[in-house]
Amino acid sequence: MWALALFRSELTTTLRRWRTRALLGVLVVIPILIGVAVKIETSDGGNLGGGHAGDGQGPAFFSQITNNGIFLVFASLAATLPVFLPMVIGVIAGDAIAGEAGAGTLRYLLVAPAGRTRLLLAKFTTTMAFCLISTLIVALSGLVTGALLFPLGDVTLISGITVPFEEALLRALGVAAVVALSLVGIATAGLFISTLTNSGIAAMATTVGLVVTVQILDTIPQLHAIHPYLFPHYWLSFADLLREPVYWDQLIKNMGLQGLYVAVFGSAAWARFTAKDITA
């Protein structure tokens, strides 16, 4: 019960911060901007340029938005996953421990009968919950905007099979869950970085810098040998949920890789935080 109360307190505190609300506000606006842009570009009856349906990437989702508004959900997640979502998660994760130390409240938190391990676990679960919350906000904003601007109905999947709208909604929920789970690797790495410094800004900047650096490394062909071990490599595997039958290979690799990052950086964060000399 104490652990649950601590988690609830941490999550409430995180969501009440003006910085968090501003970040979530940006995530809400992005699908709206995408939807309006697509609506304006196709207002003359033309097709959205650059899209080739069936390739399983972002452009395929964009080309289908005018046919069915639910594709705005998938397009918004594909657009925000490479940059915006991981940056938002990086800010929250990087500030988890270092922000408390920088504000001088970390020592007071440890005075309560929480213990370092329990406090770190509460910070970790709060960060994981925020991964889900931020992803669902993008998906919900995309769904509402898509419903207002475009028609809804039966959905033709990437594999060419048409499914009822209700099943498509379930698949959209599954896609959002996969995207949220795809972010736990960088979230745990950010939490570890947060235990290394007493400066929240430094921890946030380092985590966001890590996201950018790894994204660049994942695009360099000469480094193909390490690509399968980089946390963003399988991020777009969520598109395989929109096939019939579902392609599980890339999805399983993605979940396994994220679990590996959680195990490695989670253990490192616990080892660092439990042995850290708390001076603030």
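For the structure itself, consult the block above.
Residues numbered from 1 in each chain as written. Predicted model: local features only at pLDDT ≥ 70, side-chain atom pairs only at ≥ 80, totals over all residues. Heavy atoms only, no water.

### Quick notes on the overall build of the protein
For the protein, the count of helices and strands is eleven helices and two strands. Looking at the protein residue by residue over its 280 residues, the buried ones come to 47%. Within the protein, residue pairs in contact and separated by at least 24 positions form 75% of the contacts whose partners lie at least 6 positions apart. Summing over all exposed atoms, the protein offers an accessible surface of approximately 12900 Å²; the carbon and sulfur share of this is 68%. (Helix = DSSP H or I, 4+ residues; strand = E, 2+ residues; numbered from the N terminus. Buried < 20%, exposed > 50% of the residue type's maximum accessible area, 1.4 Å probe, protein only. Contact = heavy atoms within 4.5 Å. Areas by Shrake-Rupley, 256 points an atom, 1.4 Å probe, with all protein chains shown as cover.)

### With respect to the packing of helix H5 (residues 84-103) against helix H10 (residues 200-217)
For any two helices packed against each other, the geometry comes down to the angle between their axes and how far apart the axes lie. Running from amino to carboxyl end, H5 crosses H10 at an angle of 145°, the nearest separation of the two axes being 7 Å. The two elements H5 and H10 cross, and the hand of that crossing is right-handed. Only Gly200, Ala203, Met204, Thr207, Val208 and Val211 of H10 make contact with H5, whose side of the interface consists of Pro86, Met87, Gly90, Val91, Gly94, Asp95, Ala98 and Gly99. Of the residues contributing to the contact of H5 with H10, the split by class is eight nonpolar, five polar and one charged. (Axes fitted to C-alpha atoms, helices over the stretch in contact; angles between N-to-C directions. Left-handed = near helix turned anticlockwise from the far one by under 90°. Nonpolar A, V, L, I, M, F, W, Y, C, P; charged D, E, K, R; others polar.)

### Concerning a nonpolar patch on the surface
Taken together, Val28, Val29, Ile32, Leu33, Val36 and Ile40 make up a surface patch of nonpolar side chains, about 480 Å² in accessible area. Turning to its location among the elements, Ile40 is positioned in helix H2 (residues 18-41). Judged by its relative accessible area of 57%, Ile40 falls in the exposed class. (Patch = residues over 30% accessible without salt bridge, like charges linked within 9 Å, V, L, I, M, F, W, Y side chains within 5 Å. Salt bridge = Lys/Arg side-chain N within 4 Å of Asp/Glu carboxyl O.)

### Looking at unusual backbone geometry
As a rule of thumb, non-glycine residues mostly have phi less than zero, and peptide bonds are mostly trans rather than cis. Residue Glu244 is joined to Pro245 through a cis peptide bond whose omega torsion reads 5°. Structurally, Pro245 is set in the loop between H10 and helix H11 (249-275).

### A short note on the packing of helix H7 (residues 116-149) against H11
Across the interface, H7 lies against H11 with an axial gap of 10 Å and an inter-helix angle of 140°. It follows from the interaxial angle that H7 and H11 lie oblique. Of the two possible hands of crossing, H7 and H11 adopt the one that is right-handed. Contacts between H7 and H11 involve Arg116, Thr117, Leu119, Leu120 and Phe124 from the former and Val262, Ala269, Trp270, Phe273, Thr274 and Ala275 from the latter. A per-class count over the contact of H7 with H11 returns eight nonpolar, two polar and one charged. (Parallel < 35°, antiparallel > 145°, perpendicular 65-115°, else oblique.)

### Digging into the nonpolar core
By size, the foremost hydrophobic cluster in this structure holds 60 residues, and its most contacted members are Phe61, Ile65, Ile70, Phe74, Val175 and Phe238. For this core, the secondary-structure elements that each account for two or more residues are H2, helix H4 (71-80), H5, H7, helix H8 (165-182), helix H9 (184-194), H10 and H11. Excluding residues that lie within four positions of it along the chain, Phe74 makes contacts with Phe61, Ala172, Val175, Phe238 and Leu242. Within the second largest apolar cluster, twelve residues are counted, among which are Ala96, Ile97, Leu106 and Ala269. (Core = buried A, V, L, I, M, F, W, Y, C linked by side-chain atoms within 4.5 Å.)

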